[in-house]
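# Coordinates in review
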Amino acid sequence: MDLSSFDAGAQYLAGRLTGGTGSETFTVVNPADGSTVREVVLASAEDVDTAVAAARAALPAWSAATPGTRAEALNRLAAVLAERAQDFARVETAQTGKPIKLTTEFDVPGTIDNASFFAGAARNLEGKAAGEYTGDHTSYVRREAVGVVGSIAPWNYPLQMAAWKVLPAVAAGNTIVLKPAELTPLTALMFAQACTDAGIPDGVVNVVTGSGRLAGERLVSHPDVAMVSFTGSTAVGRRVAELATATVKRTHLELGGKAPFVVFDDADLEAAVHGAVAASLINTGQDCTAATRAYVQRPLYRAFVDGVAELYRAIRLGDPLDPQTDLGPLVSYTHRDRVAGFVERARSYATVVTGGTPGTKGHDGTDLTLGAYYQPTLITGAAQDSEVVQSEIFGPVLVVLPFDEDEEGLRLANDTPYGLAASAWTTNVHRSLRATREIAAGCVWVNDHIPIISELPHGGYKASGYGKDMSQYSLDEYTQIKHVMYDTTAVARKDWHRTIFGDRG
Ligand code: NAD
């Protein structure tokens, strides 16, 4: 893995990597062993201003480019990403600790697919039919770019989040300044470089590597930024919304989650157990849609807990670059300690069935003590209003609770502030229809939990935010609608003028 291209700096401004004018440095650390991946210089407020100015300068030409031209560029981007797939996978693994099989089979191909989806979507903007709705006018609707978009992304899927932010924005003719999370800026910078290499004009895609407090707040408050698209925690999302209010920016907020996993007593138990293990441990549980609270109807409860515990104990922790590794470290030592804190506090009011300790030994005997590893952890006996059931832990921790009546299971599933995703497990069509209708979440899976695809929308209800990523719906978020109305009568005195002139009309 050659990171020498970052010698030029960690700000991607107007089509090139540059050092910027900041003085504060940040060390990107590999959480598998604590080694330095790269030291970067963080953006100053001036660097954010430079990025916004570049995006503003690029806006007139890019927003006027035909959909076909934008689509061609995005198709080329998909090809460039595919050529560099291995580099992306390795850098993503180094800066996050994700197992290489996840970055190779999920993060990178997902991003390539997103690029080719948005290439097609760019040519398919839709709207109301033009026509004579009053009889005296012809009306039509224009769908226009919003302007310069400021985007802020989290560290859990750095490449995919960059893609989810950049692709719909530029497909719809906007230009963008993206601020990745401090912990994981490298693949977002590589993504911006790939955009340039694919022929996307300089200034259309800019990346500022900086802190939330300084670069993030500057971007959100900038008067030349027309829209803010944010993915991250609900707490920071509130702050972003507050700051955006001062300049009346459009906001798009993808926030935290605490997804329920509801297992009815007619479910296929083997499918539910395997589904719960995979959906709670994907990305080491650092996934906003991960299964975090399993509600299991009493007849299946015991077998479900035993089944998950058995599979959890067989999960292979290890070096993220080892293709045999199932579970890598958490993204940082601080985050590992935060996750451990939830589990330690839970010991006073619930039962830790398995896990609850840092991972110290890999599946092949490797010493993992230098990494931010944590064992898959299963908790039972927690009350519905307890911290582990209500708060986003964002780690490999699953809480299982029993329920009796269907109505109770659905009520408990809805009983947190979040509403990003959920799943229902049943072989009964009426139960599944009821669950999909009554669960308040932006996505409800039936007999699966996690798959996300380019064609369909992703986004929250309740404190999980609003606005949709991916799919044709996300293009709506990144466009504004203009009604254009032509008088067709050519008469000086219009019929409606009677409301002013009365019988003199
Ligand atoms: P975070 O909220 O701490 O940070 C997200 C981003 O906001 C980072 O780039 C950070 O630098 C920036 N930021 C921090 N303070 C800021 C401020 N005052 N002004 C502007 N920007 C600021 O989140 P995180 O820890 O990076 O990511 C984990 C969170 O993201 C979880 O809550 C998770 O559920 C959420 N998430 C949601 C989705 C979704 O689609 N809904 C997807 C992925 C992650």
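Residues numbered from 1 in each chain as written. Predicted model: local features only at pLDDT ≥ 70, side-chain atom pairs only at ≥ 80, totals over all residues. Heavy atoms only, no water.

### A short note on the domain arrangement of the protein chain
Condition: Marked domain ranges trace back to an automatic or database domain assignment. Should any heavy atoms of two residues lie within 4.5 Å, those residues are considered in contact. Here the quantity called buried area is the total loss of accessible area, with a 1.4 Å probe, experienced by two parts when brought into contact, counted for both. Every case where a carboxyl oxygen of Asp or Glu lies within 4 Å of a side-chain nitrogen of Lys or Arg is listed as a salt bridge.
Structurally, the protein chain comprises domain 1 (7-124 + 138-255 + 473-483) and domain 2 (259-446). Just the C-alpha atoms count here: the centres of domain 1 and domain 2 sit 30 Å apart. Taken together, the contacts link 25 residues of domain 1 with 28 residues of domain 2. Surface buried jointly by domain 1 and domain 2 totals about 1900 Å² across both partners, of which 61% is contributed by carbon and sulfur atoms. Summed over the three residues of domain 1 that lose the most area to domain 2, namely P31, K101 and W155, the buried surface amounts to 26% of that side. As a salt-bridge pair, D326 and K101 come within 2.7 Å of each other at their nearest N and O atoms.

### With respect to the pairing of strand β3 (residues 25-29)
Operational definition: In short, DSSP must find at least two bridges between two strands for them to pair. Numbering of helices and strands runs from the N terminus, with a helix taken as a DSSP run of H or I at least four residues long and a strand as a DSSP run of E at least two residues long.
Sheet topology note: the β3/strand β4 (residues 36-41) ladder contains 5 bridges and is antiparallel. Following the sheet pairing, T27 is matched in β4 by E39. Here β3 hands over to β4 after 6 residues, with G34 in that stretch at a positive phi of 80°.

### Thoughts on the site of the ligand
As a reminder of what qualifies: Whether a residue is near a molecule or strand is decided by its heavy atoms; if any one of them lies within 4 Å of it, the residue is near. For the purposes of these results, a polar contact is taken to be a pair of N or O atoms within 3.5 Å, where, inside protein, one atom must be able to donate a hydrogen and its partner to accept one; residues adjacent in sequence count only when each atom of the pair is a side-chain atom. What sets the accessible areas is the Shrake-Rupley method with a 1.4 Å probe; for residues, cover comes only from the shown protein chains. Put simply, Ala, Val, Leu, Ile, Met, Phe, Trp, Tyr, Cys and Pro go in the nonpolar bin, Asp, Glu, Lys and Arg in the charged bin, and everything else, Gly too, in the polar bin.
Lining the immediate surroundings of the ligand are 28 residues, of which A153, E217, S233, L255 and E392 lie closest. A distance of 2.8 Å separates an oxygen atom of the ligand from a polar atom in the side chain of E182. Note that a nitrogen atom of the ligand is positioned 3.5 Å from one of the backbone N or O atoms of G212. Calculation on the ligand without its partners gives an accessible area of 850 Å², and the protein chains cover 90% of this total. Listing elements by their share of the shell around the ligand, those giving two or more residues are α7 (212-221), β9 (227-231) and α8 (234-246). Residues belonging to the shell around the ligand are distributed by class as follows: 13 nonpolar, 9 polar and 6 charged.

### Overview of the side chain of S423
Here S423 lies in strand β17 (residues 421-425). Among the polar contacts made by the side chain of S423, one reaches the side chain of H449 at a distance of 2.8 Å. Residues in contact with S423, not counting those within four places in the same chain, are P260, F261, V262, W445, D448 and H449.

### A short note on the environment of T354
Among the secondary structure elements, T354 is positioned in strand β13 (residues 351-354). Sequence separation of T354 and A194 is 160 residues, and the distance between their C-alpha atoms is 44 Å. For T354, the residues in contact, after removing those within four places along its chain, are A309, Y312, R313, P376, T377 and L378. Here the side chain of T354 touches R313 through a polar contact of 3.4 Å, side chain to side chain.

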